[in-house]
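Now for the letters of each chain:
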Amino acid sequence: MPTLNLKATHNVVKDYYDTLKGITTLHLFHEGAVSPAFAALLRYCSRQYGWTLVEKSPLKRGNRTLYPDGTLFDDFKIPHGYWEAKDTEDDLAQEVRKKFATGYPRDNILFQAPDRAILWQNGNQILDEDITESGRLIEVLKAFFGYQPPAFERWELAVEEFKAVIPELAAGVLKLIEAERATNRRFILAFEGFMALCREAINPNLSVQAVEEMLIQHLLTERIFRRVFNNSDFAERNIIAREIEKVIQALTASHFSRQDFLKSLDRFYGALEAAADTIDDYSQKQTFLNTVYEKFFQGFSIKVADTHGIVYTPQPIVDFMVRSVEDILQREFGRSLSSKVVHILDPFVGTGNFLMRIMREMKKTALEYKYKNEIHCNEVMLLPYYVASMNIEHEYYDLTGSYEPFGGICLVDTFELSEDKQIPMFTTENTQRVNRQKQSPIFVIISNPPYNARQINENDNNKNRKYPSNDKRVAETYAKDSRATNKNALSDVYVKAMRLASDRIGEEGILAFISNNSFINDIAFDGMRRHLTQDFDIIYLLDLGGNVRKNPKLSGTTHNVFGIQVGVSINLFVKKENAKKKREAKIFYASTDEYWRKDQKYEFLDKKSHRGNIEWKEICPDKNMNWSTEVLSTEFETGLPIGTKEAKAETKTETIFQIYSRGAETTRDGWVYNFNQRIVAKNVSLFVAVYNDEVNRWHSRTDRQADLDSFVLNDDTKIKWSSRLKECLLQGQRAEISHDKIRHALYRPFCRQFLFFDAILTHRRGQFPYIFPAPTTEEENRVICVSDKAYRENFSVLMADVIPDLHVLASSDTFQCFPFYTYDEDGSNRQENITDWALEQFRAHYSDTNISKWNIFHYIYALLHHPQYRETYAANLKRELPRIPFTPDFWGFAEAGKQLAQIHVNYEDQEEYPLGMLENDDLPLNWRVEKMRFSKDKTQIVYNDFLTLAGVPPETFEYRLGNRSALDWVIDQYQVKTDKRSGIVNDPNRSDDPQYIVQLIGKVITVSLETMRVVKGLPLLG
Ligand SMILES: C[S@@+](CC[C@H](N)C(=O)[O-])C[C@H]1O[C@@H](n2cnc3c(N)ncnc32)[C@H](O)[C@@H]1O
């Protein structure tokens, strides 16, 4: 570190004291007046080191964010020192104590007042100087800028530090690469050649950014391999690294030298390397590599982490799966992992832990042959490809005592391999490896495939890639044989991986995957379940649970074995030589306790060791391919179907309702819903203008090859894309605003909002153009909204007289709506939607010709509220839409249903429950709500600072819809909310009716009490 060149004669020092003198004369002693002068001095000194002084840059310390007055950053955003300014009237020593108490770092931090400076370095106070004299000031600054952090003593500390700076380091390298791409001719050529190679071998649409990231991955890790792992030849030995080195040579050939670049990172690498020298244990270093793997992607390439499922598989899972495969090989096939001809493939190898574990399981005498011939794996990202290569080679070295390059690893997209194309794969040797793998009869596939159904927000432009052959296989099998309406879940990568792996194994073999467990139970996977039973002979499903969305009481970090939100299972599929017989798998299921923490689940796997020690329950799939272990009631089948797809398509009429529809799905609630009609109009005007501009821009583009997702404006404050909106854009459809498209809608229970309802801006309108085509139909038409199959929260039902939202009664569920009337789109031609067939069934059963369609409508509404109905048929209702049984007392139900309908539809006209009004005498009258909350015992509602509502009766909370009581919904929905991505504000306060919310609370309490009174009085089911 060069010494700071600063003398008392330098203008910058003179200027500092002159400025200070001026301030003193004017008696401006506060911090704001003094600190700019010192900041100017620091800036001058920083330039000598190529650093930048950033004022008030946020500094994360645990849960807190601190804002030091100044931070000295280098080009890689690595901080080298902190500065805190105080004014002369502060007691500086006391200020220092205060700052440390709030968590300020003690490593190279300078506390400065005009007359005094205190410097702390490496946890100790180094200087406490009077700086009114320039000599002392310079001494302090020299110590501050000349600080060399001590080498980290412990490996863990070094790793921790390294981990934290990976994203910044990567961003720093990216900056350098981009600068070179603008100016360095040789590099530009090398980069283009390399990109063409990558596009050909990996993905024809690979972005420039993805290729740049490969170079970053290479640069960051190459030194780790060389120095931390003492693998100095890695870059020469590895067939891919060798190729990339050529590009790196071009990058570093001109004025930017790799040595210089790495030098600036010495502080971090150095610490690691020093610590690494003292550690012989490879496994400890290897843990570090796993950390780099996850941190690089999760901290720097977040989108890739998402689409590629970059997550490390915990060792107890790997151990259990490998031992289970060995056990199955022995029992079912009389073979073992060591047997010749048992080819093994991990198609998504990550850091290589499955294969390393398999090598340890093998007989050492068999290892050489297996390693050279029968162990295969693929990886599509460079960093894990390097890590896996090195790990596997090291494992082999450890087990055999000799080094042998691992020729079974391919840098390739596994899904490309089923695309039946003969293309060069990066390098000749990689292509040869790929071909060798393709020709190998794979017997065991073991892996943790990525899982990611689809991007949640179209603006993120981060879709899963399409693979024509594999996608077609999924479409022709899993999707074709599914009865589900919504099959989106089948686009999940893990589904593609299962399809691919099932096809890849020949007439016999084992497929062991740890994956998302949604295929075991969810509706969309019925076709997939059917095919899995036909493709295999034995299936073991060990459900490790952890689905936070299904059970919000769980925490992903605590309960899920990967620390994620979706449920997980270990799945073992066995295919036995069976050419003549039709396969029909025996399915065995077991699960860990729903509330076990992940450590308990790991312990369980360790203790059980392999599948032979698990107590399995056999599942007998029903005709609809349900694998549930829940008990389905067979009696359910005897009820009349409330709605069927066949009736909807008018091919069959044996149903109660002719048509039904999911609630309106916008995919852009923030933009098209609002409590305020004018704001909906304003937001939609902006949206429509931007959308129409994008339509014009697209259709007049010059680059005919442009990729739509990357072409369009992905600015959350201007537009929110969906697949439908992009379809409309492609078709050149322009959006139009008109006042009559702003409709009333039931957004959540007892929460009406305005909705812009339109063929282009509403993602899926369902049948609502025929149910509520015009506001006039709201006077007479009614819909019963019911939890759709596969619901997660409590089964719920509510009647509405306006368009309901798709998630009307629970944000995580969807709802099907059954209307009484239907119309033509212009509002004419009103038809009753309950079929004549249904009317006949009811009249015949009860021998009563007085029964009308409205009576049936109300009968159904009451029946769906019946607690015993919901309990008895809970499992059925998760599989199928409700069926309606005949009960002994038709009129009892019909009358109760009519009452419930009246209370629910006219909730705004109910009497207000008399609540106490506790006022804050110190504040003026205020009806405005920001965010209401309950008191702990839920007997009071803190409405705002001025008003508390008292005396909420406890029975109110018995009336529940989805996961909340009706009153909870009101408290939750009626708050001022700002949509995070668009910044749009939704304010429920009404200037025309300031007491609306307070009155609504009283009314919804009445609704709740009345509902429960009616429900408790319902007749018996049977
Ligand atoms: C869940 S991780 C594997 C974890 C691994 N068992 C471990 O613990 O290190 C999935 C890996 O598959 C890779 N991958 C994703 N899609 C791929 C594809 N289409 N072809 C090959 N590899 C892929 C990802 O880069 C990632 O490293």
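Going by the structure above, here's the rest.
(A) Structural context of the packing of aromatic side chains. Under the definition given, this model contains 62 aromatic pairs. On the basis of an interplanar angle of 70° and a centroid distance of 6.1 Å, the ring pair of F657 and F857 is categorised as edge-to-face. Remark: F857 occurs in helix α32 (residues 853-863) and F657 occurs in the loop between α25 (645-648) and β19 (661-662); sequence separation between them is 200 residues. Across this residue pair, the class does not change: F657 and F857 are buried. With 3.7 Å between their ring centres and 10° between their planes, F820 and W854 make a pair best called stacked. Residue F820 is located in the loop between β26 (815-819) and β27 (821-822), and its partner W854 is located in helix α32; the two are separated by 34 residues in the primary sequence. When its relative accessible area of 0% is taken as the criterion, F820 is described as buried. Note on W854: relative accessible area 28%, which makes it partly exposed. Through a chain of ring-to-ring contacts, three or more aromatic side chains come together here, namely Y451, Y494, F519, F525, F536, F562, F573 and W627.

(B) How the structure looks around the environment of I941. If you trace the backbone, I941 turns up in strand β32 (residues 940-942). Once the C-alpha coordinates of I941 and L915 are considered, the two residues, 26 residues apart in sequence, prove to be 9.9 Å apart. Setting aside anything within four residues of it in sequence, one finds I941 in contact with M932, R933, F934, L947, T948, L949, V952, L967, I971 and I1001.

(C) Highlighting the site of the ligand. The environment of the ligand is made up of 24 residues, and the closest members are Y293, T313, T351, N353 and E379. Residue Y293 places a side-chain N or O atom 2.6 Å away from an oxygen atom belonging to the ligand. At a separation of 2.9 Å, a nitrogen atom of the ligand approaches a polar backbone atom of T414. The protein chains hide 98% of the 600 Å² of surface that the ligand would expose on its own. Partitioning the shell around the ligand into residue classes produces 14 nonpolar, eight polar and two charged.

(D) Quick peek at the packing of helix α7 (residues 208-228) against helix α17 (residues 382-400). Where α7 meets α17, the closest approach of the two axes is 8 Å, and the angle between their N-to-C directions is 30°. Judged by the angle between their axes, α7 and α17 are roughly parallel. Facing α7, whose interface residues are M214, Q217, H218, T221 and F225, α17 presents L382, L383, Y386, V387 and M390. Here the residues of the contact of α7 with α17 sort into seven nonpolar, three polar and no charged.

(E) Broad picture of the nonpolar core. If you look at the biggest cluster of nonpolar residues, it comprises 151 residues, and the most contacted ones within it are I446, F519, L542 and I570. Looking at this core element by element, the count peaks at ten residues for α17. Not counting the four nearest positions on each side in its chain, F519 is found in contact with Y494, M498, F525, M528, R529, L532, L541, S569, N571, F573 and W627.

(F) Quick look at helix α35 (residues 890-905). Taking 1.5 Å of rise per residue, the 16 residues of α35 would be expected to cover 22 Å, and the 22 Å separating its terminal C-alpha atoms lies within 8% of that figure. Among the residues of α35, F890, F893, A894, A896, G897, L900, A901, I903, H904 and V905 are the ones counted as buried. For α35, the elements touching its buried residues are β22 (751-756), β24 (797-800), α31 (836-846), α32 and α37 (996-1016).

(G) Expanded view of empty space enclosed by the protein. Taken as a whole, this structure holds three cavities of 30 Å³ or more when the rule is applied. The computed volume of the largest cavity comes to approximately 60 Å³. Lining the largest cavity are L746, R752, L798, M799, A800, D801, V802, H904, V905 and Y907. Elements with a minimum of two residues in the lining of the largest cavity: β24 and α35. The leading source of residues in the lining of the largest cavity is β24, at three residues. Residue composition of the lining of the largest cavity, by class: seven nonpolar, one polar and two charged.

(H) Region of the structure containing the sheet that holds strand β21 (residues 742-748). The mixed open sheet is built from four strands, whose spatial order is β20-β22-β21-β25. Strands with a single pairing partner mark the edges of an open sheet, and in this sheet they are β20 (673-674) and β25 (803-804). Note: β21 against β22, six bridges, orientation antiparallel. The residue bridging R743 from the neighbouring strand is L755, located in β22.

(I) Here's a closer look at the sheet that holds strand β23 (residues 783-787). Taken together, the four strands give an open sheet; going across it, the order is β19-β26-β23-β24, and neighbouring strands pair in antiparallel fashion. Pairing within the sheet leaves two strands with one partner each, and these edge strands are β19 and β24. Pairing between β19 and β26: two bridges, direction antiparallel. Each bridged residue has a counterpart across the sheet, and for S661 the counterpart in β26 is C817. Strands β23, β24 and β26 of the sheet are contacted by α32, whose axis makes an angle of about 145° with β24.

The rules behind each value
- Throughout, residues of each chain are indexed from 1 in the direction in which the sequence is written.
- Confidence filtering applies because this is a predicted model: local features only for residues at pLDDT of at least 70, side-chain atom pairs given and counted only at 80 or more, and all residues used for totals across whole chains, interfaces and linings.
- The basis for every side-chain value is the complete set of non-hydrogen atoms in the structure, without hydrogens or water.
- Only the six-membered ring of Trp is used, alongside the rings of Phe and Tyr, when aromatic pairs are assigned; centres must lie within 6.5 Å, and planes under 30 degrees apart are stacked while those over 60 apart are edge-to-face, with the rest tilted.
- In DSSP terms, a helix is any run of H or I states spanning at least four residues, a strand is any run of E spanning at least two, and both are numbered starting from the N terminus.
- Working definition: with a 1.4 Å probe on protein chains only, accessible area under 20% of the residue-type maximum means buried, over 50% means exposed, and in between means partly exposed.
- Residues count as neighbours in contact if any of their non-hydrogen atoms are within 4.5 Å of one another.
- Definition of nearness: a residue and a molecule or strand are near each other if at least one heavy atom of the residue lies within 4 Å of the molecule or strand.
- By the criterion applied in these results, polar contacts are pairs of N or O atoms within 3.5 Å in which, for protein atoms, one can donate a hydrogen and the other can accept it, and in which residues neighboring in sequence qualify only through two side-chain atoms.
- The Shrake-Rupley method, run with a 1.4 Å probe, gives the accessible areas here. Residue values count only the displayed protein chains as cover.
- Here the term charged refers only to Asp, Glu, Lys and Arg, the term nonpolar to Ala, Val, Leu, Ile, Met, Phe, Trp, Tyr, Cys and Pro, and the term polar to all other amino acids, Gly among them.
- Helix axes are fitted only over the stretch in contact, all axes being lines through C-alpha atoms; the angle between N-to-C directions runs from 0 to 180 degrees.
- Angles are sorted into four bins: roughly parallel if under 35 degrees, roughly antiparallel if over 145, roughly perpendicular if 65 to 115, and oblique for all others.
- Among buried residues, those of type Ala, Val, Leu, Ile, Met, Phe, Trp, Tyr and Cys that are joined through side-chain atoms within 4.5 Å constitute a nonpolar core.
- Expected span, for any helix, means 1.5 Å times one less than how many residues it has.
- Buried and open spaces are told apart on a 1 Å grid over the protein atoms alone, a cavity being a set of points where a 1.4 Å probe fits but cannot get out and a pocket being an open set with protein on both sides within 12 Å along at least five of seven lines. Residues with an atom within 4 Å of a point are the lining residues.
- Grid points are joined across faces, edges and corners, and a volume is the space filled by probe spheres set on the points.
- Being paired, for any two strands, means DSSP has found at least two bridges between them.

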